[in-house]
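Chain and residue survey
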Amino acid sequence: MQKISVLLFLAWVSFLFYAGIALFTSGFLLTRLELTNHSSCQELPGPGSPPWRSQGEPGACWMASRFSRVVLVLIDALRFDFAQPQHSQVPGAPPVSLPFLGKLGTLQRILEIQPHHARLYQSKADPPTTTMQRLKALTTGSLPTFVDAGSNFASYAIVEDNLIKQFTSAGRRVVFMGDDTWKDLFPGAFSQAFFYPSFNVRDLHTVDNGILEHLYPTMDSGEWDVLIAHFLGVDHCGHKHGPHHPEMAKKLSQMDQVIQGLVERLENDTLLVVIGDHGMTMNGDHGGDSDLEISAALFLYSPKALFPSNPPEEPEVVPQINLVPTLALLLGLPIPFGNIGEVMTELFSKVEDSQLHSSALAQASALYLNAQQVSRFLHTYSTVAQDLQVKELHRLQNLFSKASADYQRLLQSPQRAEAALQTVITELQQFLRGVRAMCIESWARFSLVRMAGGAALLAAACVLCLLVSQWATSQSFCFQPLLLIPVAWGLAGGLVFAGLLLTTGLKLDPVVLGAMAAVGSLLPFLWKAWPGQGSRRPLTDLLPIPGPVLSLLFIRFAAFFSDSFVVAEARATPFLLGSLILLLVAQLHWEGKLLPVKLLTVPRLGLSAPTAPPRHNGAQALGLGVGLLLCIRLAGLFHRCPEETPACRSSPWLSPLASMVGGRAKNLWYGACVGALVALSAAVRLWLRRYGNLKSPEPSVLFVRWGMPLMVLGTAAYWALASGADEAPPRLRALVAGASVVLPRAVAGLAASGLMLLLWRPVTVLVQAVAGAPKTRTILTPFSGPPTSQADLDYVVPQIYRHMQEEFRGRLERIKSQGSLTVAAYQLGSVYSAAMVTALTLLAFPLLLLHAERISLVFLLLFLQSFLLLHLLAAGMPITTPGPFTVPWQAVSAWALMATQTFYSTGHQPVFPAIHWHAAFVGFPEGHDSSTWLPALLVGANTFASHLLFAGCPLLLLWPFLCESQGTQKRRQPPGSGAEVTKVRPEEEEEPLMEMRLRDAPHHFNAALLQLGLKYLFVLGIQILACALAASILRRHLMVWKVFAPKFIFEAVGFIVSSVGLFLGISLVMRVDGAVSSWFRQLVLSQQR
């Protein structure tokens, strides 16, 4: 089997999974249909002419305006309790001291002094609570869908009718200052604008100070009708420090001064609106639907009386989108066409009129206009889309018809009883609230056909991995012709399908096209392969997974259908991993594999392979198991609690050192982090030196010796600057800022350079002439002349290595007294694993920079845990020469479980609020201008760092051969050490071949890599299949958008990252194998001269 065939087959299987994921996603995360209709003053929302149009009031459109100007102050992430006074929650108890309480004192003073002029509401935002979705809701009055959360930092212009469009259509001058997200949502809509970059969450002051520079001069100039100021300091402070940090008190006090200054400048015809777009969690994050995230403050104030009564003791709770129709009617504008919010009736009472009946009639009139607009939207939407519930839609239409008839009768006899007026108001409110509830439920619309097709394709890909992983060890299974046939069929099927769509005039959907190509390639492959392989084997051979591992996979598969397990997966995964480790130790004991294991050998050309020395005894294996369990327990100390478990307390070690207040504690933690960094680098160097891979003059080895210490130094220096940047003297801040840009980029550049050097010259072997040896010597090969084919070369390489060892032993006997000797080729037996370990270490440094400093301890535990697990697994993996080579299922399952455990131990959770957005600014503290791919790449690398590092699963195949060297009695002298070899016993055992045994049978080596890749993809595919089925079956579950949908998205992206990493890891092994072949080819040719 050729190397290119293995890579192509893995790429094809990955494509099958990708097509299944894309097809399922297109059916599960559909957005609602956005209508482009617009409301206008010339077109009333319903039949009839409202009586107030004949009053001739100026500014009247659908309703006479109460205000001609509005100042909208949007304080990002202004949680409702931020506007609360400092008071105790329990009578008689001492006051609760929280940094954010009581800092907006201006609001409380106005509510006490002018109760008829102001109101404080608790506005409830609809999830997802990300800024772009909230801005869409606050201007359109509609409900952004779940999938829109993915474009939070790549906003697109709003095509639906909205308040900004209504302002500009009415000739109002709209001035904006603040978050540049508005520039993408409303391009060219502002008469004057001051935009500031919003993505740099570490910057608390640039946006706010820029607004304050223009806010008051603009307001005093009077050249505006609508003034919008979007402050970001509170939100960024939450992301950087959390709500309980003293810095939050400073930002809220600054916002209080802003509000006070605006109140002093307001005129009677101006309405002040202060609102938060969403809240934040206890950690300062947002994006989900927890109570703290959806709870925001809403404050309304006018210099003239606005409310007929005093405010209630507890602020009223209103949906956030209710502000849209309320502002539209108060300012004399049409309500946006797609609005489903409800007017806040209290604002439409006639304060100057003491008659309750007149106020109630004004409220009913505003509600009726609102209901007419919503009814018109429902009628238009239901004619072009079929995702609204038919029965509920008819019920609501009947309810509106009855309320409309009652309202018309009330207008004909306006002096009717108060009870009839309240009945009309109640009916209209029931209609509006019923519409909102129906839309919330209906706009989670699904395409069951696509979901079923995607899940079926994922299941078929899993079955393919399972079957082919068994067929791969067969000599008669030829992958190349079987692969070319399905690829050709897939391309042909895709082209035919695309041609049919184009000829019929239908829209060409790339997702469906890719799915058709995947199915068109999968079916012919199974049709051709099954008669030759599957039909010859019993069913038990086609399902080779051991019972315990199968039970573990089944438990994990079934658990994804439970929202409680998904929430508690961070605790369940270490338990499953620990259970599997105990099972491995017990299995080794039961099968007697803790005793010396004899190597199964097949004589070849008269050369017999030696017996393998014992790799582990019982005490060593037990020690490995205990060490693994201890590492798992220590890694569990770094955990982040999901928001669904309020009793849980997240580890304080996940926060950056800059958030710590105590200087001594910060210094101690910094020393521990640097120590972990040095220990990680030193451990890798010692490991390479132990196996003789650190003496080569190759560029990659030189980089490990000199470049890696520079990376450690650069990382430590960056941590020092990042943890104390706020404490730097003013004269050094420019230097610190520059170093914060240069250092992480330098470390990343060094890591990239090291990886490129490793790909260029991956063989870390030292070659030196033997002292006193002739310049030419004959190396016996079974061929006459140099190898004429790749097969000849693959066959002869192990013989060359054995002959070099024999020649070295013979010369020791012949020329003992001639001085020091040097091995011609030193430690080829670890050449594959050395390259893999070096690559993973180089990759770990830039990934570590993207995390908080104390995560370095987790990375150290990760490498130690991987080392222990590999040694434990190697004890139970038999080595057969010349093959086939097989990695057992329990090894692959344990490796995948450890990747999941590391994901949680690095402070991640499969929810959007837990994403570490700060990673986007490592090396880019000033932001990325308009670029979105680079910050997305940095945040993605931070989130899926564990998936990238554990893509080094080829080590599972290589490590048992590496462990063959344990227990040897031969003293190996490093080349060039000057050590004198005085005595060598003839009976001394020769140095083990280790990884060179893989070259005894190139077909089995490539087949083992393919089998390992397919097993790993199967274990990961089972997880994504379970998430897809859970999201599909439980699509109407209460927690679908909070738990199951985010879990599916994270698993899908994680699978893509893991599969790409797996492909690159196997490619690196094959690159090393090719370099070894080239190295031996040059050696053979040099001996023929």
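First things first, this report covers the structure right here in the doc. (Residues numbered from 1 in each chain as written. Predicted model: local features only at pLDDT ≥ 70, side-chain atom pairs only at ≥ 80, totals over all residues. Heavy atoms only, no water.)

1. A look at the overall build of the protein
Secondary structure assignment for the protein yields 33 helices and 10 strands. Residues classed as buried in the protein amount to 58% of the 1089 residues present. Restricting to contacts in the protein with at least 6 residues of sequence separation, those with at least 24 account for 80%. Only carbon and sulfur atoms are counted for the fraction: they give 62% of the accessible area of the protein, which is about 43900 Å². (Helix = DSSP H or I, 4+ residues; strand = E, 2+ residues; numbered from the N terminus. Buried < 20%, exposed > 50% of the residue type's maximum accessible area, 1.4 Å probe, protein only. Contact = heavy atoms within 4.5 Å. Areas by Shrake-Rupley, 256 points an atom, 1.4 Å probe, with all protein chains shown as cover.)

2. Observations regarding helix α20 (residues 569-590)
Helix length check: α20, at 22 residues, gives a terminal C-alpha distance of 31 Å against a target of 32 Å (1.5 Å per residue), a fit within 8%. Of all the residues in α20, the buried ones are E569, A572, T573, P574, L576, L577, G578, L580, I581, L584, V585 and L588. (Expected span 1.5 Å × (residues − 1).)

3. Focus: the side chain of S856
By the element assignment, S856 lies in helix α27 (residues 856-875). With relative accessibility at 2%, the residue S856 sits in the buried group. Not counting residues up to four positions away in its chain, the partners in contact with S856 are C673, A676, W719 and L848.

4. Considerations on unusual backbone geometry
The phi torsion at A77 lies on the positive side, around 65°, for a residue other than glycine. Secondary-structure assignment places A77 in the loop between β1 (69-75) and α2 (105-113). Here A77 falls in the buried class, since its relative accessible area comes to 0%.

5. Concerning the environment of L759
Along the chain, the position of L759 falls in helix α24 (residues 733-760). The partly exposed category is assigned to L759, whose relative accessible area is 40%. Sequence spacing of L759 and L1068 is 309 residues, and the spatial spacing of their C-alpha atoms is 7.3 Å.

6. Section: the pattern of salt bridges
Within this structure, the stated rule accounts for 18 salt bridges. Note that D208 and K251 form a salt bridge whose closest N and O atoms lie 2.9 Å from each other. With D208 in helix α6 (residues 206-221) and K251 in helix α8 (residues 246-265), this residue pair connects regions lying 43 residues apart in the sequence. With respect to burial, D208 and K251 carry one shared label: buried. When the shortest N-O distance is used, the salt bridge between K402 and D406 registers 3.3 Å. One end of the pair is K402 and the other is D406, both in helix α12 (residues 390-412) and four residues apart, which spans about a single turn. Residue classification places K402 among the partly exposed residues on the basis of a relative accessible area of 44%. Under the relative-accessibility criterion, D406 is labelled buried at 13%. (Salt bridge = Lys/Arg side-chain N within 4 Å of Asp/Glu carboxyl O.)

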